[in-house]
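What the coordinates show
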Amino acid sequence: MKINQHIESVVDAVKNSILSLSDIEIDNYNNEGCNGYVFFGNHKVFRSRVAIKYYYYGESAHEEVSLIKHISNPNILKVWDAHTIEDGWAYFITDEQSNGNIDSLLSDSEIDTNTALHIIRGVLGGVGALHAAPNFLLHRDLKPANILLDKSNSPIIADFGSIKRMPENSSEVVASQHSALYRPPESYQGGIYYYTSDIYQIGILLYQLLGGDLPYNATCYMTKKQLKEYLTIDDRCEQSLFEDNCLFEKARRESLLNYSSLPQYIDQRIIQIIKKATKAQPSERFHNIADFQLALHRIGSIPNWSRQGDILLCGIQNESYRIVRNRTTKYIVEKANSNDRWSKLRNSSAFDNEITAIKHLLKCI
Amino acid sequence: MICGIEIKSNEAIIVLCDNSSETLAVVESKFRKIALDANEQDLYKSFYETLCSFIKQNAVERVYLKKPVDKGRQIAGANAFRIEALINLVEIPVVSLHALTILSFAKKNDMQVDNIEKINQYQEPALWAAYLGFVKGADR
C-alpha cells in the first residue's frame with residue numbers, strides 16, 4: 001500500500017494532522033504496533049529522519065510521553081516534541097532508528113556473540129536508567145520488538161506503553177498483561193511485577209540474542225495432552241487463557257528456555273547468567289541491574305563467534321579462526337594468516353562433528 | 001550515599017556507605033570489586049557502564065578514591081591508571097585521596113563506622129578512603 005493510501009486509511013484527526021505537518025515529509029508507515037499509528041519522514045528543519053507516533057490518550061493521558069521525556073540516556077528513545085490534536089488524539093516525534101528492531105535482526109540474521117553482548121549491555125544501561133532515582137520506572141514489556149537498533153546496532157528502548165512508576169515505600173506494581181511469553185511467573189501468579197521482573201525479561205532477551213530458540217506460537221510449549229485439550233476449545237478468549245496457563249507453567253518450572261538450542265560455543269558462564277536472570281523466584285534473580293551488568297562484565301573478553309552459512313567463525317584478540325567441513329565431511333579448524341589466507345590450525349586433526357572441533361579450538365586459544 | 005574505592009592491581013575495590021546520619025555506616029552490597037582485565041574497547045565501556053549503573057542504582061553522591069601510587073618503587077601498573085581514568089569519568093564528584101594521606105589519617109584515628117562487620121578485609125583501605133572523606137566533611 002502506498003503512503004497516501006495509508007494516510008487515507010487512518011482516522012480523520014490523524015489524517016488532518018499529518019497533512020498539516022509542513023516541516024515533515026511523510027514517506028513511510030509502520031503498522032506493526034497495536035496502539036496507535038507510526039509514520040516516518042524527513043524533517044526539513046532537523047534534516048534528519050524522524051518517527052511520528054500518533055496515539056489515543058485515555059485516562060493515563062500523556063503519561064508515556066511525559067515519563068520518557070525526562071530521561072536522558074543513549075539507550076532510551078529520545079522524544080523531541082509532542083502535541084495534542086483533535087478528538088482525543090496526540091502525537092510525539094522521535095528519531096527514526098534505521099536498523100529496525102531486535103525482532104527483525106533475529107529473523108534476518110544470526111547475531112555474533114559480541115554484538116549480542118553489546119546489545120544486552122545497552123539494554124541494561126537503559127533499563128538501569130529507568131529503574132534508578134529519580135525515575136523509579138518499570139518498563140514491564142521488554143521484548144525484541146520493543147527494542148530498536150541504531151546505525152551501530154546500539155539498542156534504543158522504545159514502546160513505553162506499559163511503563164509504570166514504582167510507588168513510594170513499595171516494591172511492586174501491578175503486572176502488565178502484554179506479551180505472555182515474556183511474563184515472569186509472579187505476573188501470572190499474583191498479578192504483580194518487581195524491578196527484578198524486568199531483569200527476567202532481559203534474561204530471555206539475552207537468550208534469544210545468543211541464538212536460543214523461543215517460538216512465538218504458544219502451542220509449541222504445550223504437551224501432547226495439553227495440545228489435544230487446546231484444540232477442543234472454540235472460544236478465542238478461553239484459548240488465550242489456556243495458552244497463558246501453559247506458558248505460566250513453563251515459566252514457573254523454569255523450562256521455558258531450551259538451553260540445548262543455544263549454539264554449542266556459548267560460554268557456560270553466560271548460560272549461568274541467563275539462568276540466574278530468569279529464575280522463577282524473583283529473590284533468586286540478580287537483585288538489580290548493576291549486579292546483572294557486573295556478572296556480564298566479569299566474563300571478560302570472550303571469543304566472538306558468528307556463523308556464515310556452514311562456516312563457523314571465531315575471532316579473539318585480533319586472531320581469526322574458522323571451522324569448516326572438508327570434502328570428506330569432516331570438520332577442520334583453520335586460522336587466518338597475515339595475508340588473509342586460511343590454513344589448518346597446528347596440531348589439529350579432522351573432527352567428526354562440530355562440537356568436538358569447537359572444543360578443540362577453545363582449548364587451543 | 002558515598003562510596004570508597006581502592007584500585008589494586010587491575011581491580012577497583014568498592015565499599016558502599018550511608019552518610020545520612022552522624023556515624024558513617026557500611027551498606028551491604030554484592031558489588032565489591034570490578035576488574036579491568038583486557039585492553040579492549042568493549043571492556044572499558046562495560047567497566048564504565050557497570051560502575052555508573054552501581055552509582056545510579058544506589059544513589060551514590062560522591063566517590064572517595066584512593067589514588068594508585070604514581071611514583072617510586074610501589075608504582076601501580078598501567079591498568080590501575082586506566083581504572084582511575086574511568087572512575088573519574090562518572091557524573092558525580094570523585095575526590096582523589098593520596099595513599100599517604102589516608103595512611104597518616106588511619107594512624108591518628110580510630111575508625112568509627114557502623115556495620116563494619118559487613119565488609120571483607122580486602123575492602124578496608126577503600127573504607128578508610130570513604131571514612132576520611134566523611135570525617136573531613138567534604139561530602140556534607
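Residues numbered from 1 in each chain as written. Chains lettered and ligands numbered in written order. Predicted model: local features only at pLDDT ≥ 70, side-chain atom pairs only at ≥ 80, totals over all residues. Heavy atoms only, no water.

This brings us to the packing of helix α11 (residues 289–299) of chain A against helix α1 (residues 41–57) of chain B. Contact geometry for α11(A) and α1(B): axes closest at 8 Å, N-to-C directions at 160°. Taken together, α11(A) and α1(B) sit at an angle that is classed as roughly antiparallel. You can see that α11(A) and α1(B) cross each other, and the crossing is left-handed. Counted together, A:Ile289, A:Ala290, A:Gln293, A:Leu294 and A:His297 of α11(A) and B:Leu43, B:Ser46, B:Phe47, B:Glu49, B:Thr50, B:Ser53, B:Phe54 and B:Gln57 of α1(B) form the full contact between these two elements. Here the residues of the contact of α11(A) with α1(B) are counted per class, giving six nonpolar, six polar and one charged. (Axes fitted to C-alpha atoms, helices over the stretch in contact; angles between N-to-C directions. Helix = DSSP H or I, 4+ residues; strand = E, 2+ residues; numbered from the N terminus. Parallel < 35°, antiparallel > 145°, perpendicular 65-115°, else oblique. Left-handed = near helix turned anticlockwise from the far one by under 90°. Contact = heavy atoms within 4.5 Å. Nonpolar A, V, L, I, M, F, W, Y, C, P; charged D, E, K, R; others polar.)

Residue and element names in this part refer to chain A. Counted under the stated rule, the structure contains 13 salt bridges over all chains. One salt bridge in this structure joins Arg285 and Glu186, with 2.8 Å as the shortest N-O distance. Here Glu186 lies in helix α6 (residues 185–189) and Arg285 lies in the loop between α10 (268–277) and α11, a separation of 99 residues in the sequence. When sorted by exposure, Arg285 lands in the same class as Glu186, which is buried. One salt bridge in this structure joins Arg307 and Glu354, with 2.8 Å as the shortest N-O distance. (Salt bridge = Lys/Arg side-chain N within 4 Å of Asp/Glu carboxyl O. Buried < 20%, exposed > 50% of the residue type's maximum accessible area, 1.4 Å probe, protein only.)

Interfaces are often described in size by the accessible area the parts lose on coming together. Contacts between the two partners involve 17 residues from chain B and, on the opposite side, 17 residues from chain A. There are zero salt bridges connecting chain B and chain A. Those elements giving two or more residues to the side of chain B that touches chain A turn out to be β4 (33–35) and α1 of chain B. Considering every element that reaches the side of chain B that touches chain A, the biggest residue donor is α1(B), with 10 residues. Across the side of chain B that touches chain A, the residue classes break down as seven nonpolar, four polar and six charged.

Moving on, we come to the side chain of A:Arg183. Residues and elements named next belong to chain A. Along the chain, the position of Arg183 falls in the loop between β10 (173–174) and α6. Asp244 is the oppositely charged side chain nearest to the buried, salt-bridge-free Arg183, at an N-O distance of 4.1 Å. Other than its neighbours up to four places away in sequence, Arg183 contacts Ser176, Gln177, His178, Tyr188, Tyr200, Gln201, Asp244 and Ala251. (Lys, Arg positive; Asp, Glu negative; His and termini not counted.)

Residues and elements named next belong to chain A. Packing of α10 against α11 brings their axes to within 10 Å, and their N-to-C directions diverge by 170°. In terms of orientation, α10 and α11 fall into the roughly antiparallel class. Here Arg269, Ile270, Ile273 and Ala277 of α10 lie close against α11, whose contacting residues are Phe292, Ala295, Leu296 and Ile299. Within the contact of α10 with α11, the residues separate by chemical class into seven nonpolar, no polar and one charged.

Residues and elements named next belong to chain B. When you line up the elements, Glu84 lands in helix α2 (residues 78–88). Glu84 gets classed as buried once you look at its relative accessible area, which sits at 13%. In this structure Glu84 touches Ile7, Leu65, Lys67 and Pro68, once residues within four positions along its chain are discounted.

A word on the pairing of strand β5 (residues 89–95) of chain A. Residues and elements named next belong to chain A. Of all seven residues that make up β5, six are buried, and the element is covered over most of its length. When strand β4 (residues 79–84) meets β5, the two strands line up antiparallel, connected through five bridges. By the bridge assignment for β5, Thr84 is matched with Ala90. Counted between consecutive antiparallel strands, the loop separating β4 from β5 contains four residues, among which Asp87 sits at a positive phi close to 55°. (Pairing = 2+ DSSP bridges.)

Within this model, the second largest pocket holds a volume of roughly 810 Å³. A:Asn73, A:Pro74, A:Gly125, B:Glu49 and B:Lys56 are the residues nearest the centre of the second largest pocket, which is lined by 34 residues in total. Listed by contribution, the elements that provide at least two residues to the lining of the second largest pocket are α5 (113–131) and β8 (155–157) of chain A together with α1 of chain B. With nine residues, α1(B) is the largest single contributor of residues to the lining of the second largest pocket. (1 Å grid on protein atoms, 1.4 Å probe; cavity = no way out; pocket = protein on both sides within 12 Å on 5 of 7 lines; lining within 4 Å. Points joined across faces, edges and corners; volume = space filled by probe spheres on them.)

Our focus in this paragraph is unusual backbone geometry. Residues and elements named next belong to chain A. Between Ala133 and the following residue, Pro134, the backbone shows a cis peptide bond with an omega angle of 0°. Residue position: Pro134 is located in the loop between α5 and β6 (137–138). One non-glycine residue with positive phi stands out, namely Arg140, at about 70°. Among the structural elements, Arg140 can be located in the loop between β6 and β7 (147–149).

All names here are of chain A. The five strands lie next to each other as β1-β2-β3-β5-β4, forming an open sheet whose pairing is antiparallel. Edge positions in the sheet fall to β1 (24–30) and β4, since each has one partner strand and no second. Strand-to-strand twist across the sheet, computed as the mean angle between neighbouring axes with direction ignored, equals 25°. Sheet topology note: the strand β2 (residues 37–43)/strand β3 (residues 48–56) ladder contains seven bridges and is antiparallel. Of the residues in β3, the one forming a bridge with Tyr37 is Tyr54.

Residue and element names in this part refer to chain B. A full pass over the atoms with the stated rule returns one cavity of 30 Å³ or more. Considered as a void within the structure, the largest cavity measures approximately 60 Å³ in volume. Around the largest cavity, the lining residues are Ile14, Val15, Leu16, Val26, Val27, Glu28, Ser29, Phe31, Arg32, Lys118, Ile119 and Gln123. The greatest single-element share of the lining of the largest cavity, amounting to three residues, is contributed by strand β2 (residues 11–18). Across the lining of the largest cavity, the residue classes break down as seven nonpolar, two polar and three charged.

All names here are of chain A. Residue placement: Asn217 occurs in the loop between α7 (195–209) and α8 (224–231). Between the C-alpha atom of Asn217 and that of Glu243, which follows or precedes it by 26 residues, the distance is 9.4 Å. Only 2.9 Å separates the side chain of Asn217 from the side chain of Thr219, close enough to count as a polar contact. (Polar contact = N/O pair within 3.5 Å; in protein donor to acceptor, adjacent residues only side chain to side chain.)

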